[in-house]
Amino acid sequence: MRTGWVVAVALICAPAGAQAMSVGEFLNKANALKAKGIFAMGSPDIKLLQSEMKGVSDAYRADLTAAQQAGRTPHSCPPPVGKARIGAKELLAEFEAIPAAQRGMSVKAAFYAMMKKRFPC
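Residues numbered from 1 in each chain as written. Predicted model: local features only at pLDDT ≥ 70, side-chain atom pairs only at ≥ 80, totals over all residues. Heavy atoms only, no water.

Student: Please clarify how the side chain of serine 22 should be interpreted in this entry.
Tutor: Its location among the elements puts serine 22 in the loop between β1 (6-8) and α1 (23-36). Non-local contacts of serine 22, meaning those with residues more than four positions away in its chain, are made with Arg103, Gly104, Met105, Ser106 and Val107. (Helix = DSSP H or I, 4+ residues; strand = E, 2+ residues; numbered from the N terminus. Contact = heavy atoms within 4.5 Å.)

Student: What is the right way to read the nonpolar core from this model?
Tutor: Nonpolar side chains tend toward joint burial in soluble globular proteins. Phe26, Leu91, Phe95, Val107, Phe111 and Met115 are the most contacted members of the largest nonpolar core, which totals 27 residues. Residue assignment for this core shows that the elements contributing at least two residues are α1, α2 (44-69), α3 (88-96) and α4 (107-118). (Core = buried A, V, L, I, M, F, W, Y, C linked by side-chain atoms within 4.5 Å. Buried < 20%, exposed > 50% of the residue type's maximum accessible area, 1.4 Å probe, protein only.)

Student: Explain the side chain of arginine 103 to me, please; I cannot follow it from the model alone.
Tutor: As for its position among the elements, arginine 103 is in the loop between α3 and α4. Among the polar contacts made by the side chain of arginine 103, one reaches the main-chain carbonyl oxygen of isoleucine 98 at a distance of 2.8 Å. When neighbours within four sequence positions are excluded, arginine 103 is seen to be in contact with Ser22, Val23, Gly24, Leu27, Phe95, Glu96 and Ile98. (Polar contact = N/O pair within 3.5 Å; in protein donor to acceptor, adjacent residues only side chain to side chain.)

Student: Looking at this model, I keep getting lost on α4. Mind explaining?
Tutor: Two residues of an α-helix separated by three or four positions point the same way, owing to the 3.6 residues in each turn. Between the first and last C-alpha of α4 there are 16 Å, a value that for 12 residues agrees with the 16 Å anticipated at 1.5 Å per step. Inspection of α4 places Val107, Ala110, Phe111, Tyr112, Met114 and Met115 among the buried residues, and these make up the whole buried set. (Expected span 1.5 Å × (residues − 1).)

Student: Even after reading the chapter, I still don't get the packing of aromatic side chains, so can you show me in this structure?
Tutor: Where two aromatic rings form a pair, the distance of their centres and the angle of their planes describe that pair. For the coordinates displayed, the defined rule picks out three aromatic pairs. Here the aromatic rings of tyrosine 60 and phenylalanine 111 are separated by 5.6 Å at their centres, their planes lie at 90°, and the arrangement is edge-to-face. Here phenylalanine 111 lies in helix α4 and tyrosine 60 lies in helix α2, a separation of 51 residues in the sequence. Per residue, the accessibility class of tyrosine 60 equals that of phenylalanine 111, and both read buried. (Phe/Tyr/Trp six-rings, centres within 6.5 Å; stacked < 30°, edge-to-face > 60°.)

Student: Honestly, the packing of α1 against α3 in this entry has me stumped. Any pointers?
Tutor: Helices that pack against each other are described as a pair by the angle of their axes relative to one another and the distance between those axes. Between α1 and α3, whose axes approach to 10 Å, the crossing angle comes to 130°. In terms of their interaxial angle, α1 and α3 are classed as oblique. Here the hand of the crossing between α1 and α3 comes out left-handed. Residues Val23, Phe26, Leu27, Ala30, Asn31 and Lys34 of α1 form the contact with α3, whose own contacting residues are Leu91, Leu92, Phe95 and Glu96. (Axes fitted to C-alpha atoms, helices over the stretch in contact; angles between N-to-C directions. Parallel < 35°, antiparallel > 145°, perpendicular 65-115°, else oblique. Left-handed = near helix turned anticlockwise from the far one by under 90°.)

Student: What's the story with the confidence of the model for the protein in this structure? I'm lost.
Tutor: With 83% of its residues at a pLDDT of 70 or more, the protein has an overall mean of 83. Below pLDDT 50 for its whole length, residues 1-18 participates in 64 contacts with residues either more than four positions away or in separate chains. (pLDDT = per-residue confidence, 0-100.)

Student: Sorry if this is basic, but what is going on with α3 here?
Tutor: Those residues of α3 not exposed but buried are Ala88, Leu91, Leu92, Glu94 and Phe95. With its buried residues spanning 160° around the axis, α3 presents them on a single face. (Arc of directions from axis to C-beta.)

Student: Got a minute to help me understand the pattern of salt bridges in this structure?
Tutor: Any two side chains of opposite charge can pair, on the condition that their charged atoms come close. Following the criterion strictly, the structure yields six salt bridges and no others. A single salt-bridge network, built from bridges that share partners, covers Glu90, Glu94, Lys117 and Arg118. (Salt bridge = Lys/Arg side-chain N within 4 Å of Asp/Glu carboxyl O.)

This is the structure in structure tokens:
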């Protein structure tokens, strides 16, 4: 990704649909891919999950930039571009930590919450 810090979703992530993906859907697809092992390489779900994360991370950076340009306190304060990396295992661990009853939330909401927790201002 071009956003500096990279959500390196190696095992995870076809273009995302118009509807936001829930954390539950994301985890189900990611876990199904992990279960396939090497045979997951040709699965379209890999690109689907990558596309979802790219869209979410791009929106996150755009929101931070917009807040800074408007003189507002940003949602969270990650290190400068290129200094923070969140790997697939870390991302999945964060999503897995969300109680099952709350996994209907969007991947975007979960990602933003994770970033606020990790990089408070």
